[in-house]
Structures are given as C-alpha cells and as structure tokens.
Amino acid sequence: MARPRIMIVNDDTLFLSLMKELLEEEGYKATTWFEGDSAYEKIQQERPELIILDIRLERPDAGWMVLQHVRLDPEIADTPVIICSADTRFLRAKARRLRELGCETLEKPFRYDELIAKVAQLL
C-alpha cells in the first residue's frame, strides 16, 4: 500500500527538516518546499494527498496566493490543506474564510500529537 504523500511548504528550512522527519516516522511520504513563488507548480507536479502550508512565506501574501491557486485548480482543488503559522492573529482573523476554503489551521508552536491528529483526520 502506498504511503500518503504530504507536501510541506514553509520558508524555514529547519522547520521543513523537522516536519519531514516527524511525518516520515509516522509512515507518510513527506516532500518539502521552501519558496512560495514556485510552490503551486511544485504542488501540481507532486499531487500530494495533503498540503501543510505556511501562510507567510518570503512575502506576507505568498502563502495566501499559493492557497488561492490550489483552490482554483480543478485538478487539485479538493486537496486538504493545513495552514500552519505563527501568525495567530492572522489565523484567527481569517478563520471563517479559511474554513470556507476547506482549510484546517495549526498555530505554531504546536504539540506533536496535534499535528498527527490533524493529518490523520484529513487523510
């Protein structure tokens, strides 16, 4: 049986390494990407079953743009997305809109069991 594929998009390379290690220990196939400008294209290529996306990448709107592109693409629009960010103010202000877009949120810092529970729920 194929391992579920998860794409993690974040501009913090240390965070990416840690997330990849944690998710692979849980039996998932994790792919990382560090750049918002090309993240949508990478997601199209990889076709993950789940995306974990930081809403603030190299620019404050970069993650938001990636999310909008994903949701407008009929081939990947239904892919579950977890918005994982330290910008708790943004997450709370946009909570309703993110729910409308079918996204879960995970505030940094988070507990390991919170991450794994959300991933399992969405997959």
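To keep things clear, this report deals only with the structure shown in the data block.

Thresholds applied
- Residue positions are counted from 1 within each chain, in the order its sequence is given.
- Selection of residues for local features in this predicted model requires a pLDDT of at least 70, selection of side-chain atom pairs for listing and counting requires 80 or more, and totals for whole chains, interfaces and linings are taken over all residues.
- Water and hydrogen atoms play no part in the side-chain values, which are based on all heavy atoms of the structure.
- Any pair of Phe, Tyr and Trp rings, taking the six-membered ring for Trp, is counted once the centres come within 6.5 Å. Such a pair is stacked with planes under 30 degrees apart, edge-to-face with planes over 60 apart, and tilted for the rest.
- Helix and strand labels come from DSSP, where a helix needs a run of H or I of at least four residues and a strand needs a run of E of at least two; each type is numbered from the N terminus.
- Each residue is assigned to one of three classes by its accessible area relative to the maximum for its type, calculated with a 1.4 Å probe on protein chains only: buried under 20%, partly exposed between the two thresholds, exposed over 50%.
- Strands qualify as paired when DSSP identifies two bridges or more between them.
- For helices, the fitted line uses only the C-alpha atoms of the stretch in contact; every axis is such a line through C-alpha atoms, and the angle between N-to-C directions lies from 0 to 180 degrees.
- The contact definition used throughout considers only heavy atoms, calling two residues in contact when any of these lie within 4.5 Å.
- What is meant by a nonpolar core is a set of buried Ala, Val, Leu, Ile, Met, Phe, Trp, Tyr and Cys residues, joined one to another through side-chain atoms within 4.5 Å.

**A few points about the packing of aromatic side chains**
- Inspection of the entire model under this criterion finds three aromatic pairs.
- Centroid distance F15 to F110: 6.4 Å. Interplanar angle 90 degrees. Geometry classified as edge-to-face. Separated by 95 residues along the polypeptide, F15 in helix α1 (residues 13–25) and F110 in the loop between β5 (103–107) and α6 (112–122) bring together distant segments of the chain. With respect to burial, F15 and F110 carry one shared label: buried.
- When the ring of W64 is compared with that of F90, the centres are 5.8 Å apart and the planes differ by 85 degrees; the resulting orientation is edge-to-face. Here F90 lies in helix α4 (residues 88–93) and W64 lies in helix α3 (residues 62–72), a separation of 26 residues in the sequence.
- Given the relative accessible area of 17%, W64 is considered buried.

**As for the sheet that holds strand β3 (residues 50–53)**
- Read across the open sheet, the five strands follow the order β2-β1-β3-β4-β5; overall the sheet is parallel. With one partner strand each, in any of the chains shown, β2 (29–33) and β5 form the two edges of the open sheet. Recorded for the sheet is a direction-independent mean angle of 20 degrees between the axes of neighbouring strands.
- Most of the contacts of α3 go to β3, to which it runs at about 160 degrees, and overall it touches β3, β4 (81–85) and β5.

**Remarks on the environment of C103**
- Within the secondary structure, C103 sits in strand β5.
- The sequence separation of C103 and L123 amounts to 20 residues, and the corresponding C-alpha distance is 13 Å.

**Some remarks on the nonpolar core**
- Counting residues in hydrophobic clusters, the biggest one holds 22 residues, and the most contacted among them are I43, L53, L67 and I83.
- Ranked by residue count, the leading element in this core is α3, at five residues.
- If you look at the next biggest cluster of nonpolar residues, it comprises 17 residues, including M19, Y28, A30 and F110.

**A short note on unusual backbone geometry**
- For the bond running from K108 to P109, omega is -5 degrees, close enough to zero to count as cis.
- Along the polypeptide, P109 turns up in the loop between β5 and α6.
- Phi at R47 takes a positive value of approximately 50 degrees, unusual for a residue other than glycine.
- Mapped onto the secondary structure, R47 falls in the loop between α2 (36–46) and β3.
- We classify R47 as partly exposed; its relative accessible area is 32%.

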